Protein chains: 2
Amino acid sequence: MKINSNSNVQIAVVGLGLMGSSIVVSLLVAGHQIIGLAPIPGEKDAATSRIISLLKHADSCGILQRELGYYIQRLHITESYEDIAGCDYVQECVVEDKVIKEQVYHKIASYVRPDAVIASNTSAIPISELQGLVPNPQRFVGVHWAEPAYMTRFLEITCGEKTDLVIAEYVLNLGQSWGKEPTLLKKDIRGFITNRLMYAVYREALTLIEQGDTTLEDADKVFRYDVGSWITLMGIFRYLDFMGRTDYINTYEKLIAKLSNRSDVPAIMEKMVSQNAKGTHNCNGLYSYTEEEAQAWNEAFARFNKDIYELASKYRRLLLTKVV
Amino acid sequence: MKINSNSNVQIAVVGLGLMGSSIVVSLLVAGHQIIGLAPIPGEKDAATSRIISLLKHADSCGILQRELGYYIQRLHITESYEDIAGCDYVQECVVEDKVIKEQVYHKIASYVRPDAVIASNTSAIPISELQGLVPNPQRFVGVHWAEPAYMTRFLEITCGEKTDLVIAEYVLNLGQSWGKEPTLLKKDIRGFITNRLMYAVYREALTLIEQGDTTLEDADKVFRYDVGSWITLMGIFRYLDFMGRTDYINTYEKLIAKLSNRSDVPAIMEKMVSQNAKGTHNCNGLYSYTEEEAQAWNEAFARFNKDIYELASKYRRLLLTKVV
């Protein structure tokens, strides 16, 4: 694989919805010239204004090193796949539909070099399945971003069965140059890491709630005030080191036998889906919302994201301590 | 039960180790006069200086409403159980040893009114077991604090089988008057809520790590940067509302079948225990530490706790939105 040095890597983002636009901004902020490809005809103008609006938000958060105009000038929005021909790295973030993704990959692959990296933002479809849709599947890798992409250090890199580890490590390196703290999952497990761990929490919490042992509100409270007071600094396991207790094994043995092993879907989740409950998006969710409250949560999340990003940045130096 | 109004509630804290001292400070800050009982002879002076030192820390964090001297003057440290005779609420936080706790309860109960609330900070022994050691067990309740008690809104209230719900709700109300956001667990489940949910995470994460699917460091990264960027604001379930997706049920169905249901102890945890690995406390943990690094983590945690407490406080108003 011939790859340019990080600063000269030619990058395209295909799919310019909310996530794709946010990724474009993150990559612009990281110093790249970006080709943004809007695959749906007529989407170009909306995508352009969305990206400029996000750039302005990034500016208001103080994360732009240069003037807004500099970044806008380094952005090329197009509807034509021909424009991505020279790219080294193509980030796909179209809808989670395998048929649509297949069409998109077919077009990408017919224009870029056979060894250009193709990365999918999917969080729903296994990388091993998707890479089967691409010629030279060894250059295909999962690169999963979090929202807002330019305000988080999260980046989840996942290998499919056929992904070349050299490619994955190249992307890991790229991700670091974008100011991320990328994780590398060498095996394409269902749900990657975050989802796997969070669904283990959903299963246990919803079971306790269904049994009447606790409530949705109280489960949220313990995560906000207990877990929330250290997780951003320490993650799961360093906190165990910090607590320094050697009685965990006793607690583990006692607790593990009590944990839910059920495989059915909890009723509360079925109910939400049958009601088409989209939470703050349609004021129907696990909690009740007025329009104003839903809006207040959306605004709060944007502010909180900025606040926690800045807070976490103050503690980055510490994270150089290595695992045993 | 005859109970004074919140501001006049007479409170004693029995057991003045790190946790007990921190609880004393939290209750002083909340406006109470406090009797601190050091049950181990000769512990009184060390406890006094520890509490004053924590009060100074609270002062440096800007959470004292009055001068330091005011709080010190409202604190009475004693080794004599006679001094707690007039108390309405006794918070026990001695070591997690049932035999020692039984001796302590016996002494407490022989001095306080038969209907005085006795609360245990235990996180290891079931409340239903402990309350059997106390005359009039209906006034016994679990009140579990987090560290540092004066810098978190976390408070976990747990009923044993015999706890009078009126007592639990009285304590819930008291907890709110202390500036906490208490949770109420009406049934004494193993591990309460936080531990139950976190052990579900440990099981899943350690299984993925043992299988070589991910690493300790990467599991920590996803929690720091992904989960960590919203959990303090939203908790587990409000974030689902915010994401507003109705495809969770599909993901749930696919993922749930993959989650670990094992009941054995992961090897990594056995190894830590056999090595007496106390993490930052003896520079032997899941991560490696020099003395300086361990110290840096301890200092960082104290600073982070203050930072995240202040950050979370900015968003408290929003949390009035009610559950459906």
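Residues numbered from 1 in each chain as written. Chains lettered and ligands numbered in written order. Predicted model: local features only at pLDDT ≥ 70, side-chain atom pairs only at ≥ 80, totals over all residues.

Moving on, we get to the nonpolar core. Counting residues in each nonpolar core, the largest one holds 203 residues, and the members touching the most others are V90(A) and V90(B). In terms of residue count, the dominant contributor to this core is helix α7 (residues 192-210) of chain B (12 residues). Those residues in contact with V90(B), other than ones at most four positions away along the chain, are A12(B), V14(B), I84(B), I108(B), V112(B), A116(B), V117(B), I118(B) and A119(B). (Core = buried A, V, L, I, M, F, W, Y, C linked by C-beta atoms within 7 Å. Buried ≥ 20, exposed ≤ 12 C-beta atoms within 10 Å, placed from the backbone. Helix = DSSP H or I, 4+ residues; strand = E, 2+ residues; numbered from the N terminus. Contact = placed C-beta atoms within 7 Å.)

All names here are of chain A. Of the two faces of strand β2 (residues 34-37), both are covered, the one formed by I34 and G36 as well as the one formed by I35 and L37. Of the crossover connections in this fold, the one passing from strand β1 (residues 11-14) over helix α1 (residues 18-29) to the parallel β2 is right-handed. Of the strand pairs in this sheet, β2 and strand β3 (residues 75-78) are connected by four bridges, and their pairing is parallel. If you follow I35 over to β3, its bridge partner there is H76. (Right-handed = clockwise from strand over helix to strand, strands pointing away. Pairing = 2+ DSSP bridges.)

Let us look at the environment of L216(B). By the secondary structure assignment, L216(B) is in helix α8 (residues 216-225). On the basis of neighbour counts, which here come to 20 C-beta atoms within 10 Å, the residue L216(B) falls in the buried class.

A few words now on the interface of chain B and chain A. In this complex, chain B contributes 99 residues to the contact, which on the side of chain A involves 99 residues. Secondary-structure elements contributing two or more residues to the side of chain B that touches chain A are β8 (183-185), α7, α8, α9 (231-234), α10 (237-243), α11 (248-256), α12 (267-274) and α13 (291-313) of chain B. Here the side of chain B that touches chain A gets 12 residues from one element, more than from any other, and that element is α7(B). Among the residues forming the side of chain B that touches chain A, the class breakdown is 51 nonpolar, 23 polar and 25 charged. (Nonpolar A, V, L, I, M, F, W, Y, C, P; charged D, E, K, R; others polar.)

Here we come to the pairing of strand β6 (residues 140-145) of chain A. Residues and elements named next belong to chain A. Among the six residues that make up β6, six are buried, leaving the element largely enclosed by the rest of the structure. Alternating residues of β6 divide into F140, G142 and H144 and V141, V143 and W145, and every residue in both groups is buried. Taken together, the three bridges between strand β5 (residues 117-120) and β6 define a ladder with parallel strand orientation. Of the residues in β6, the one forming a bridge with S120 is G142. As paired elements, β6 and strand β7 (residues 155-159) share five bridges and run antiparallel to each other. Note that in β7 the partner of V141 across the bridge is C159.

With that settled, the discussion passes to the relation of the copies chain B and chain A. Turning chain B through 180° and shifting it by 0.0 Å along the axis lays it on chain A, with an RMSD of 0.1 Å. One copy is carried onto the other by what is essentially a two-fold rotation axis. The overlap is high: 100% of the interface residues of chain B also sit at the interface in chain A, so the same surface is used on both sides. (Least-squares fit on C-alpha atoms with pLDDT ≥ 70 in both.)

Further remarks concern the environment of E161(A). All names here are of chain A. Note on placement: E161 falls in the loop between β7 and α6 (165-177). When the C-alpha positions of E161 and P126 are compared, they lie 9.9 Å apart, and in sequence the two are 35 residues distant. When sequence neighbours within four positions are dropped, the list of residues in contact with E161 reads S128 and D188.

All names here are of chain B. With respect to the element layout, P182 can be found in the loop between α6 (165-177) and β8. When the C-alpha positions of P182 and N284 are compared, they lie 34 Å apart, and in sequence the two are 102 residues distant. In contact with P182, other than residues within four places in its own chain, are L155, I157, L172, G175 and Q176.

The subject of this paragraph is the packing of helix α11 (residues 248-256) of chain A against α7(B). Relative to each other, α11(A) and α7(B) sit at 95°, their axes nearing to 10 Å. Judged by the angle between their axes, α11(A) and α7(B) are roughly perpendicular. Where α11(A) approaches α7(B), its residues T251(A), Y252(A), L255(A) and I256(A) are matched on the opposing element by N195(B), R196(B), Y199(B) and R203(B). Residues belonging to the contact of α11(A) with α7(B) are distributed by class as follows: four nonpolar, two polar and two charged. (Axes fitted to C-alpha atoms, helices over the stretch in contact; angles between N-to-C directions. Parallel < 35°, antiparallel > 145°, perpendicular 65-115°, else oblique.)

Within a sheet, each strand pairs with its neighbour through backbone hydrogen bonds, oriented either parallel or antiparallel. Residue and element names in this part refer to chain B. Taken in spatial order, the eight strands line up as β3-β2-β1-β4-β5-β6-β7-β8 in an open sheet, and their pairing is mixed. Sheet topology places β3 (75-78) and β8 at the edges, where each strand pairs with a single neighbour. For this sheet the average axis-to-axis angle between neighbouring strands, irrespective of direction, equals 25°. Two elements, strand β7 (residues 155-159) and β8, share three bridges in a ladder whose sense is parallel.

Looking now at the sheet that holds β5(A). Residues and elements named next belong to chain A. Spatially, β3-β2-β1-β4-β5-β6-β7-β8 is the arrangement adopted by the eight strands of the open sheet, whose pairing is mixed. The open sheet has two free edges, formed respectively by β3 and β8 (183-185), since each of these has just one partner strand. For this sheet the average axis-to-axis angle between neighbouring strands, irrespective of direction, equals 25°. Across four bridges, β1 lies against strand β4 (residues 89-92) in parallel orientation. Looking at β4, one finds that V14 is bridged to E92. Sheet strands in contact with helix α7 (residues 192-210) are β6, β7 and β8, and its direction is about 105° off that of β7.

Turning next to the domain arrangement of chain A. For chain A, the assigned domains read domain 1 (6-185) and domain 2 (197-320). One C-alpha centre belongs to domain 1 of chain A, the other to domain 2 of chain A; they are set 29 Å apart. (Domains from an automatic or database assignment.)

Right, let's talk about α8(B) for a bit. Among the 10 residues that make up α8(B), 10 are buried, leaving the element largely enclosed by the rest of the structure. Burial in α8(B) covers these residues: L216(B), E217(B), D218(B), A219(B), D220(B), K221(B), V222(B), F223(B), R224(B) and Y225(B).

The angle between the axes and the distance between the axes are what describe a pair of packed helices. In contact at an axis separation of 9 Å, helix α12 (residues 267-274) of chain A and α11(B) are set at 145° when each is read in the N-to-C sense. Contacts between α12(A) and α11(B) involve M269(A), E270(A) and V273(A) from the first element and Y248(B), I249(B) and Y252(B) from the second. Split into classes, the residues belonging to the contact of α12(A) with α11(B) amount to five nonpolar, no polar and one charged.

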